[in-house]
Amino acid sequence: MSVKNNISTKYFVWIAVLAIAILAGLFTTYKVLTNGLGLYSANDVIVWTLPLASYAFFSLMSAGLAMVASIPIVFGIDRYLPLVKRAVVLSLAALVAALLSTFLELGTPWHIVAYFISPNPRSSLWWLGVLYLLQFVFLVTFFVKSTNGKYNKVISLIVFLLAIAIASTLGSTFGFVEARSVYYGPFIPVYFLLTAFLTGLAVFMLTTLIFYQITKADFVEEVKTLYDELGKAFSIILGLSLIFFVWMTVTGLYAYSPEYNSIKHVFGSLPYQFALWLGLVVPLTMMIIPVIRQSRWGKVVSTALVVLGTLTISNIIIELGMTVPPGPRITQFPELAAPSYTVWEWLVFVFALAVALLIYTLGERYFELEGSAE
Amino acid sequence: MMKKPENRNEAAASELKSGVSRRSFLKLAGVGTGATIGAMSAFKLRSLALAENPKSAAMGEWLPTTCQGCTSWCSKQAYVVNGRAIKVRGNPNSKVNGVASCVRAHLGVPQMYDPDRVKTPMKRTNPNKGRNEDPQFVPISWDEALETIADKIMELRDNGETHKYMLMRGRYTYMRDIIYDRMTKIIGSPNNISHSAICAEAEKFGPYYTEGEWTYRQYDVVNANYVLMWGADPLSANRQVSYYNSVWGDVLENAKTAVVDPRLSASAAKSDEWLPIKPGQDGALAVAMAHVILTEGLWYKPFVGDFVDGVNQFAPGKTVREEDFEEIHTSGLVKWWNLELKDKTPEWAAELTGLPVEQIRRVAIDYGKAAPHAICWVGGGPAMQPRGAYGSMATHALNGLVGSVDNVGGTLKANKVYTQSFPGYEDYLDEIAKEGKSHKKIDQRGTKAFPSLKKGKSGKGVVTNNAADGIINEDPNEIKVAIGYMNNFAFSAPQTERWYRALSKIPFVVHLTTNASEFTWFADIVLPATHHMFEKYGYVKSFANGYRQVTLLTPVVDRIWDTYTDETEIPWMLAEKLAERGFDNLLRHYQSYKDPETGQAPANAQEFALYALKHATHKLWDPAVHEGGDKFNGWEEFLATGVWNSDPYPFKKRWGAMKTETGLFEFYSETLKHALEGHAEKHETTVDDILKTCNYQARGEMAFIPHYEEPALAGDEGEYPLVLVDYKSKLNREGRSANTSWYQELRDVDPGCEAWEDVAQFNPIDGKKFGIQSGDKIKLVSVTGKLECTAKLWEGVRPGTVAKAYGQGHWAYGRIAAEKFGKKPRGGNNNDIIPADYDRLSGSSAFYANARVRVEKI
Amino acid sequence: MSKYAMVIDLKRCTGCGGCIVACKNENNLSDGIVWSSKITETVGTFPDVRFAYYPTLCNHCENAPCVSGCPTRALYKGEGGLTLHDPGKCIGCRYCMGRCPYGVISFNWENPHPAWRARTETIAQGTTSPAQVAEQVGGEVIPYYNPESAEGYAGIRPRGVVEKCHFCAHRVENEQLPYCVEACPADARIFGDLDDPNSEVSKLVKKFKSFRLREELGTEPKVFYIREFNQGKNSSTKGEV
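Residues numbered from 1 in each chain as written. Chains lettered and ligands numbered in written order. Predicted model: local features only at pLDDT ≥ 70, side-chain atom pairs only at ≥ 80, totals over all residues. Heavy atoms only, no water.

Our focus in this paragraph is the sheet that holds strand 1 (residues 4–9) of chain C. All names here are of chain C. Here we have 4 strands laid out as an open sheet, ordered 8-1-10-9, and mixed in their pairing. Both outer strands of the open sheet, strand 8 (189–193) and strand 9 (210–211), are each paired with one neighbouring strand and no more. Bridge count for strand 9 against strand 10 (residues 223–226) is 2 bridges, and the pairing is antiparallel. Opposite F211, over in strand 10, you have Y225 as the bridge partner. Contacts between helix 7 (residues 200–207) and the sheet are confined to strand 1, strand 8 and strand 10, with strand 8 contributing the most and set at about 110° to the helix. (Pairing = 2+ DSSP bridges. Helix = DSSP H or I, 4+ residues; strand = E, 2+ residues; numbered from the N terminus. Contact = heavy atoms within 4.5 Å. Axes fitted to C-alpha atoms, helices over the stretch in contact; angles between N-to-C directions.)

The subject of this paragraph is the packing of helix 6 (residues 153–175) of chain A against helix 7 (residues 187–215) of chain A. Helix-helix packing is described using two parameters, namely the angle between the two axes and the distance between the axes. All names here are of chain A. Contact geometry of helix 6 with helix 7 gives a least axis separation of 7 Å together with a crossing angle of 140°. Crossing of helix 6 against helix 7: the hand is right-handed. Residues I164, A167, S168, L170, G171, S172, F174 and G175 of helix 6 form the contact with helix 7, whose own contacting residues are I188, P189, F192, L193 and A196. Of the residues in the contact of helix 6 with helix 7, the class split is 9 nonpolar, 4 polar and no charged. (Left-handed = near helix turned anticlockwise from the far one by under 90°. Nonpolar A, V, L, I, M, F, W, Y, C, P; charged D, E, K, R; others polar.)

A word on the interface of chain B and chain C. In this complex, chain B contributes 100 residues to the contact, which on the side of chain C involves 98 residues. For the pair chain B and chain C, the summed buried area comes to about 8600 Å², and 56% of that belongs to carbon and sulfur atoms. Taken together, chain B and chain C are joined by 6 salt bridges. With 9 residues, helix 7 (residues 241–254) of chain B is the largest single contributor of residues to the side of chain B that touches chain C. Partitioned by chemical class, the residues of the side of chain B that touches chain C number 56 nonpolar, 20 polar and 24 charged. (Buried area = accessible area lost by both parts, 1.4 Å probe. Salt bridge = Lys/Arg side-chain N within 4 Å of Asp/Glu carboxyl O.)

Turning next to a nonpolar patch on the surface. Where nonpolar side chains cluster on the molecular surface, the patch consists of I236, L240, I243, V246, W247, V250 and Y254 of chain A and spans about 750 Å² of accessible area. Following the sequence through the fold, V246 of chain A ends up in helix 8 (residues 221–254). (Patch = residues over 30% accessible without salt bridge, like charges linked within 9 Å, V, L, I, M, F, W, Y side chains within 5 Å. Areas by Shrake-Rupley, 256 points an atom, 1.4 Å probe, with all protein chains shown as cover.)

In this section: the nonpolar core. Core analysis: the biggest nonpolar cluster contains 252 residues, and Y227 of chain A together with Y113, V221, W248, W377 and F534 of chain B have the highest contact counts within it. Ranked by residue count, the leading element in this core is helix 2 (residues 50–74) of chain A, at 18 residues. Setting aside its immediate chain neighbours within four residues, F534 of chain B contacts A78, A85, V88, G108, V109, M112, T554, P555, V556 and V557 of chain B. Core analysis: the next-biggest nonpolar cluster, separate from the first, contains 76 residues, I293, A370, L672 and V687 of chain B among them. (Core = buried A, V, L, I, M, F, W, Y, C linked by side-chain atoms within 4.5 Å. Buried < 20%, exposed > 50% of the residue type's maximum accessible area, 1.4 Å probe, protein only.)

Okay, the environment of K536 of chain B next. All names here are of chain B. Looking at the secondary structure, you find K536 in the loop between strand 19 (525–528) and strand 20 (538–544). It is 25 Å that separates the C-alpha atoms of K536 and G629, two residues lying 93 residues apart in sequence. Only 2.9 Å separates the side chain of K536 from the side chain of D566, close enough to count as a polar contact. (Polar contact = N/O pair within 3.5 Å; in protein donor to acceptor, adjacent residues only side chain to side chain.)

Attention now goes to the environment of Q68 of chain B. Residue and element names in this part refer to chain B. Looking at the secondary structure, you find Q68 in the loop between strand 1 (61–66) and strand 2 (75–81). With a relative accessible area of 2%, Q68 lands in the buried category. Remark: the alpha-carbon pair of Q68 and E734, spanning 666 residues in sequence, is separated by 8.7 Å. Apart from residues lying up to four places away in sequence, Q68 is in contact with W73, R171, Y172, T173, H532, V540, L553, R733 and E734.

It is worth spelling out the pattern of salt bridges at this point. Residues and elements named next belong to chain B. All chains considered together, the criterion is met by 77 salt bridges over all chains. Notably, a salt bridge pairs K256 with D366, separated by 3.1 Å at the nearest N-O pair. A residue pair is termed long-range when its members are at least 10 positions apart, and K256 in strand 10 (residues 256–260) and D366 in helix 13 (residues 357–369) qualify at 110 residues. For R736, the salt bridge goes to E734, with nearest N and O atoms at 2.8 Å. Taking relative accessible area as the criterion, R736 reaches 16% and is therefore assigned buried.

A separate point is the sheet that holds strand 9 (residues 226–230) of chain B. Strand-to-strand pairing in sheets goes through backbone hydrogen bonds, with the strands running parallel or antiparallel. Residue and element names in this part refer to chain B. One open sheet holds the 4 strands; their spatial order is 11-10-9-15, and the pairing between them is parallel. The open sheet terminates on both sides in strands that have one partner only, identified here as strand 11 (273–275) and strand 15 (374–378). For this sheet, the mean angle separating the axes of adjacent strands, direction not counted, is 15°. Where strand 9 and strand 15 come together, 5 bridges link them in parallel fashion. In the sheet register, M229 faces strand 15, and the bridge partner there is W377. Where helix 7 meets the sheet, it contacts strand 9, strand 10 and strand 15, and its direction lies at approximately 120° from that of strand 10. Strands strand 9, strand 10, strand 11 and strand 15 of the sheet are contacted by helix 13, whose axis makes an angle of about 125° with strand 11.

For the rest of this paragraph, the subject is the side chain of T28 of chain A. Residues and elements named next belong to chain A. In this fold, T28 is placed in helix 1 (residues 9–35). Exposure remark for T28: the relative accessible area of 1% places this residue in the buried category. Separated by 2.8 Å, the side chain of T28 and the backbone oxygen of A24 make a polar contact. The contact partners of T28, leaving out residues within four places of it in the chain, are W344, L347 and V348.

Mean pLDDT over chain B: 93, with 93% of residues reaching 70 or higher. Of the regions scoring below 50 in pLDDT, residues 1–56 of chain B engages in 124 contacts with residues more than four places distant in sequence or in other chains. (pLDDT = per-residue confidence, 0-100.)

Each neighbour pair has its own omega, and for D475 of chain B with P476 of chain B the value is 15°, a cis peptide bond. Assignment of secondary structure puts P476 of chain B in the loop between helix 17 (466–473) and strand 17 (481–485). Backbone geometry at Y813 of chain B places phi at a positive 85°, although glycine is not the residue there. Mapping Y813 of chain B onto the fold places it in the loop between strand 28 (801–806) and strand 29 (818–820). The class of Y813 of chain B is buried, set by a relative accessible area of 6%. For R73 of chain C, which is not glycine, the phi dihedral falls at a positive 55°. In this structure, R73 of chain C sits in the loop between helix 2 (65–69) and strand 4 (75–77).

Moving on, we come to the domain arrangement of chain B. Residues and elements named next belong to chain B. Taken domain by domain, chain B comprises domain 1 (8–45), domain 2 (58–113 + 530–560), domain 3 (122–199 + 418–528 + 564–592), domain 4 (216–412 + 655–669) and domain 5 (722–857). Counting from both sides, the interface comprises 25 residues of domain 4 and, opposite them, 23 residues of domain 5. Between domain 4 and domain 5, the buried area comes to about 1800 Å², and carbon and sulfur atoms account for 65% of it. It is R263, M384 and P386 that lose the most area in domain 4 upon contact with domain 5, and together they represent 38% of the buried surface on that side. The tally of links from domain 4 across to domain 5 stands at 0 salt bridges. The tally of links between domain 4 and domain 5 comes to 7 residue pairs in polar contact (both at pLDDT 80 or more). For the side of domain 4 that touches domain 5, the secondary-structure elements that each account for two or more residues are helix 14 (380–383) and helix 15 (388–402). Classifying every residue of the side of domain 4 that touches domain 5 by side-chain character gives 13 nonpolar, 9 polar and 3 charged. (Domains from an automatic or database assignment.)

In structure tokens:
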């Protein structure tokens, strides 16, 4: 089902939209590199805001998509092989988006070379850098091989393990922070791993279904069954995510100590309620009702909600650890107010998203991503 | 017995020196990262060459000078690197403050480099004057500025109107008489108006009329066993903040401390007792304490004396016969008891003061038991009130009861110094000057309603704030030419809008200032002045730790801008211009200030400034005329050291030899009686009439003893339910530091305050009552004015009061001090809402227990 | 080997804030950045109110979370146990700020000293602009720039990197005390080598019961607090039923 000959005005419009977003992003880059991160709403107490949440979001997405791409080969589930090519491209696209978000999240990104000449293996942040580099190399290799129709078991195993490592190591950057009780512990590494897989599945299904919609492809019976199966797997992961999220909330609300109890400040907020209901409960409900799960719109809506939910949840978790300012900082930020992101931060996210979409679009356009079972 | 303030860290510093002989200290961080990336370099490997030159990295030198951020007047050193003064510390050669430095001193550095400093003389081009009239200053040359001023003065001379010239003195050094006294008199005017009455002058009333010393005091706290502070916050303000901060840890080892203050000050935060008194009731507490001390038999017998038969007859309500008590170094104790103290029980005081009976009794007994090493520290609080003279007397008199006057661990005056005054002016007064000088002063001191009994004489003390009314009402006459130097009465004096009117009325106003302040807004000519700490010569005297110092202000760096020194160079330059116009008396007078070393007369302004300083301090640095204290081998050594220290304090020398009418410490003040009678006689009336006119309650003999006067608050309690408690931030450099970002950033070091805010502090009970939350923008309104600021609810405030620091609310001065220069103030100026009331017996302005306010949300 | 530490004597401390501003002065700190700070608390209800002040600064932890977490070793432990920073390696990720339990690390969100770069005059031709003052007197960016603090560290840290107290390493290596210690008028800050049993700090931590901030986190901070800010003696009693 090649689309090489199916160039339409819709495509040009789409590329134009992405181009505008990318230009805005380049301008943002210029502004940030010359003026500093003060353009964002962050400060010495709320240290990380949307750009970091954007990075975490895309990073988890990439890891999850890498799992989607590698699981069929690693576990020998042949009927899922057609998914691999697209999943790899999506994973790469998301990884680039993550790295782009990082670039604009760092105060002095050109010092990144210090990662190589002054490494710190004690730091999970250092490991993340190494893992991203490896993942990038292996994903590209994976992709090249897959376009030649070759699925290498070793490479896909490495990609799979890297994906697990990335998602949980990203979690550990918070999980190893003893100073902030809301972060510390194994919960975030595990939850991020789960969320990665959830988001990977969601993005894969969402993208594919939208692609089918745009190309007016036939949703043949075997594809329908495959996606329904995916939908079931998705519901299970979603169910687990909901359980994790609920327990995270309850343990926080139950606590007396202000630090552990800090979730009460976000509990009533719109983002939190969105994340819980529209990001988890509603999609799960939709996915366990067979008639909705089997419908295309049902899958599109619920996966879209889950994707938005992941972005929101990344944001919330990062914010939670910073709501109780440590030591003397309490006087700087005594009023706990949700930061209102500046336009530059939104542009960072939009920039990263546009680049990811561009990579995927070009991949879809110039390579046959719609694979067939072999 | 006096302890030099120890620097515990001297021990620590020497430890570092004596440690390992050679070591590499900081490791090289990363290879070539600095070069390749082009960012700042990392710590470098350093081997230490210890013994030879441990200070090899020192790039500058510490040069002596003095800080006048407050009236502690610490001797300081400024660290100068490449001609820039970058930091300050206490002068280790000072026996008063040593190397210790309070926090506000550091703000002198950004103050010096303030971009809003006036860099050139300016003249007004907008002929209209008013709060909302931008002067539209344009730069002019020094010649043009001085010539304009000289012309105006000559005009007055030519018309026989020299008494319509006025000199207002603000922040001074002891070079002040050159401009404040000599210039004013030789021109021929009585109107040299100082700022003392808006400082804490009424504090001196009590000490004068009990022990004969019209002075601020030093307190021998390191040897005290009880320190009771009345409206004083020595850790933040009042006098010798650096010294008292340095020894307070020692004080707390040996002494109990207590603070009487409606708000929880920095000193109160560290004390054993906080007595959150109702504003204006200090006198009640003081006399009740005296009552307890006497009834409990705790007075100090070697100083005060005892009952002839040794049996204590002081009992509540009981009159005592004077002959039954034999006083030693005091006078009038029994009279005092009979007239005032016998009924003033703690129970009576508890109701008035709002303090628990047990606390009053406990503090009185603990204080008495600590005699004679028990200090009553009289701050501005009880004194600078409408009836504060008696508050000052009552609180200070307690020192007499416990024998801590002039005693170890007690209240002391300043040690003797050997500075001398400038050459006399009489020979330079012509007929015009003699005539002009004889007019009445514009501040109306000595008139019936303003006895201003400084040092026992009617009208001897200034009534600064009343000069505004004198000008407005042209009583005794109009003012045509006014020069103000380093003052800002349009900000620093109560009921500021009167000064707007007064200054608008004066046809020609000159301001010698560093920054264009509220006063400058009404000026016709602005002369930019040098910064006191880094750019000029001068000296001041200050005392603590049982010593007095004469500390030099020296120019440690070159002047940044085209500025000259207010008290010395500018008067000389003006004198030259006057001489060019045929009036050379002033210049010839200044030329008599010869260099004591060479005998040479000054030829220019710079020489004049230096010779004048050398003359005034001659007996300190010249071994040939040395009389006491530190000895130097000459001027250069004195200049390099920066400070001369007096001989140690002569304890108890004044026992029985006080400068009072009786020569004794007077509980019944014959001295005050004499002064009041003198004033009454001058106005052909009775003392009672004077007291009535001046709004005191005492009549008859009560007038001559420390007694309780009810507070005289302005405004009806129903309409204005809260009493304003004004206080001074520990970051205030008088009113001048608000234009530094450090002041704003650090503002929350004052207990209960916020950074970048000017908060009015309310007890949460009042917050609830008036519907105010922390962070609300509010208005405080009094009978005479209003201000806008931010509310803060804080437990360290007495309910029924609102505490707010003075220092902000500038609408001029600079870009940080004002929110919009010339237009909108940052915060609110307390003086906008404090009515112009006075403690008339001392002439002082009343800042405390004066304004009642109400709060409104904006 | 030395192990530098600081003892803060809360009884002597008067809460003046001199340490805060002296450090800003010595190290050319930008607007809004403090390395030496404080925690204050007002406890109780009128008239039984207590106000206490605790000076804070980098604790130069032996087990510094900022150092273990820094991906490029821009933060590292130097000799004497000082926790030091190399702006040349700092990528500005602020991970150290997240990991630090004490809130003592600051980030340069913009070009430092923005106020001093302004070129506006309050009174045209009568006053000057901040940038002009610095140029006139030759100070780097700020007129009172202290070049001594650039001995070994950036005198003014650039936009995009973090910064924090380094116990005035540039002074300590020249056998001078950290500037906050010198500037404290009350001798409430004592600095020295814990490995030297005769040092003041060693003696003080032996003589007085001390506490360190958040000791339970195992960071082994090296700032020890002794005694109490507010004395308040009371007479003994057993209360009543």
